[in-house]
Amino acid sequence: MADQLRRNMFQCNILVGGYDKEKGSSLYYLDYLATLQKLDKAAYGYGGYPLLTVMDANWKKDMSLEEGKELARKCIAEVQKRFIISTPNIIVKCIDANGVNILEL
């Protein structure tokens, strides 16, 4: 088993979001080297480059849910414009004091 783990290693990056009653919402990026960073906004992978540009231009602290949904729409439109792929089934979720909810955009 140890040999398999050394030969067939898997690497992944992950975004972790949550909500705490005292601290509010939090978003973290954990990379494949186990570096953890607390962020206000995040995107990674090949599509992350243009999305971070959209977020830098449109994100602001303490956005309302509607403003966040509009930003999500802009990000989806950017991905669909830049990448010639069909992405009809994008699921957007909101993590807040009410739990995790799927949003309709």
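Our subject is the structure listed above.
Residues numbered from 1 in each chain as written. Predicted model: local features only at pLDDT ≥ 70, side-chain atom pairs only at ≥ 80, totals over all residues. Heavy atoms only, no water.

Helix length check: helix H3 (residues 65-82), at 18 residues, gives a terminal C-alpha distance of 26 Å against a target of 26 Å (1.5 Å per residue), a fit within 8%. Buried within H3 we find Lys 69, Leu 71, Ala 72, Cys 75, Ile 76, Glu 78 and Val 79. Each element contacted by the buried residues of H3 is listed here: helix H2 (48-58), strand S4 (92-96) and strand S5 (99-103). (Helix = DSSP H or I, 4+ residues; strand = E, 2+ residues; numbered from the N terminus. Expected span 1.5 Å × (residues − 1). Buried < 20%, exposed > 50% of the residue type's maximum accessible area, 1.4 Å probe, protein only. Contact = heavy atoms within 4.5 Å.)

Two orientations exist for strands paired in a sheet by backbone hydrogen bonds: parallel and antiparallel. One open sheet accounts for 3 strands, arranged S1-S2-S3; its pairing is antiparallel. The open sheet terminates on both sides in strands that have one partner only, identified here as strand S1 (14-20) and strand S3 (36-39). Taken over all neighbouring pairs, the strand axes of this sheet differ in orientation by 30° on average, direction set aside. Across 4 bridges, strand S2 (residues 24-30) lies against S3 in antiparallel orientation. Within the sheet, the bridge partner assigned to Leu 27 lies in S3 and is Leu 39. (Pairing = 2+ DSSP bridges. Axes fitted to C-alpha atoms, helices over the stretch in contact; angles between N-to-C directions.)

Where S4 lies against S5, 5 bridges are found, and the strand directions are antiparallel. Bridge assignment links Val 92 to a residue of S5, and that residue is Leu 103. Connecting the antiparallel pair S4 and S5 is a turn made up of 2 residues.

Of the pockets and cavities examined, the largest pocket occupies roughly 1,600 Å³. Lining the largest pocket are 37 residues, and of these Leu 27, Asp 40, Lys 41, Lys 93 and Cys 94 lie nearest its centre. Those elements that place two or more of their residues in the lining of the largest pocket are S1, S2, S3, H2, H3 and S4. Ranked by the residues each element gives to the lining of the largest pocket, the list is headed by H3, at 8 residues. Of the residues in the lining of the largest pocket, the class split is 22 nonpolar, 6 polar and 9 charged. (1 Å grid on protein atoms, 1.4 Å probe; cavity = no way out; pocket = protein on both sides within 12 Å on 5 of 7 lines; lining within 4 Å. Points joined across faces, edges and corners; volume = space filled by probe spheres on them. Nonpolar A, V, L, I, M, F, W, Y, C, P; charged D, E, K, R; others polar.)

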